[in-house]
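Chain by chain, the residues run as shown.
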Amino acid sequence: MAHPSAEERPLQLRLHPACFDPLSALADWQRNLTAGGAEAPAAEAHFIGRVRGRTAHGAALEALELEHYPGMTETQIERIATAISHRHGLLAVRVDHRVGRVLPGEAIVLVAVAADRRGPAQRGGQELLEALKHEAPFWKREWCGGVGTWVEGNTAF
Amino acid sequence: MSTASITVRLFASLREQAGWGELSLAITPDSPSPTPASLWPQLGLGAAIPPQVRVAVNQAFSALDQPLQSGDEVAFLPPISGG
């Protein structure tokens, strides 16, 4: 059976206000890809990001707070995912992202993409993750010793 | 008759700096269209938009000189840190 295009199988996007299990989310996405007996994509690339236990300055982190722009954040991720899917010929995309207060060790982001080859899958997944970091309206605040500090910019690649 | 107005939204560090997250600014229909850049000095956040601040109009990234109309939502966004 032929694989549906990205237009026929749109982005699955979830913003989670509470802790989520990225492996369960991934399994849910994979079940959806093969629903109705469809053949599983030949290539998938996955990225799971977790909150590290240290602030940008090396202090013990209590929690990371994630603010977003309801409405624009979802729309912007759709725009990014659609453009990258077209550019790399991706078959499907899944994005899960936390909002609210996230504790060290908890998952903050899952990016999963499906393609027919490993190159488009890996390149498309990497490009999507970097675009999320720079082009989707999220803001992080590090909490340490009861004091919150807004993070300006992203960690090193 | 309803008053012509634009909704202004601030997020994260800008919201806390200003002490508010959303307000409605009345505009005069007969005067030239305001832009994000022309509204900024009214927000109490300094004279000019800092270079790292981005603008969204109706929830899409926009230019600082985008003409605004009544009913538009303009947001000023500090540096993004997602993912």
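Up top is the structure.
Draft legend 1. Representation of the interface of chain B and chain A within the structure. At the interface, 20 residues of chain B touch 27 residues of chain A. Taken together, the two surfaces of chain B and chain A that pack against each other cover about 2,000 Å², and 51% of this comes from carbon and sulfur. Our count for the chain B to chain A interface comes out at three salt bridges. Remark: the boundary between chain B and chain A carries 16 residue pairs in polar contact (both at pLDDT 80 or more). Going through the elements one at a time, helix H1 (12-18), strand S3 (54-57), strand S4 (60-62) and strand S5 (73-77) of chain B are the ones with two or more residues in the side of chain B that touches chain A. Looking at the side of chain B that touches chain A element by element, the count peaks at four residues for H1 of chain B.

Draft legend 2. Layout of the pattern of salt bridges. In this structure the tally under the stated criterion is 11 salt bridges over all chains. Its salt-bridge partner being Glu 16 of chain B, residue Arg 141 of chain A comes within 2.8 Å of it at the nearest N-O pair. With Arg 141 of chain A in strand S7 (residues 138-144) and Glu 16 of chain B in helix H1, this pair bridges two chains. For Arg 141 of chain A, a relative accessible area of 9% corresponds to the buried category. With relative accessibility at 41%, the residue Glu 16 of chain B sits in the partly exposed group.

About the thresholds
Residues numbered from 1 in each chain as written. Chains lettered and ligands numbered in written order. Predicted model: local features only at pLDDT ≥ 70, side-chain atom pairs only at ≥ 80, totals over all residues. Heavy atoms only, no water. Contact = heavy atoms within 4.5 Å. Buried area = accessible area lost by both parts, 1.4 Å probe. Salt bridge = Lys/Arg side-chain N within 4 Å of Asp/Glu carboxyl O. Polar contact = N/O pair within 3.5 Å; in protein donor to acceptor, adjacent residues only side chain to side chain. Helix = DSSP H or I, 4+ residues; strand = E, 2+ residues; numbered from the N terminus. Buried < 20%, exposed > 50% of the residue type's maximum accessible area, 1.4 Å probe, protein only.

These figures capture arrangement, not role.
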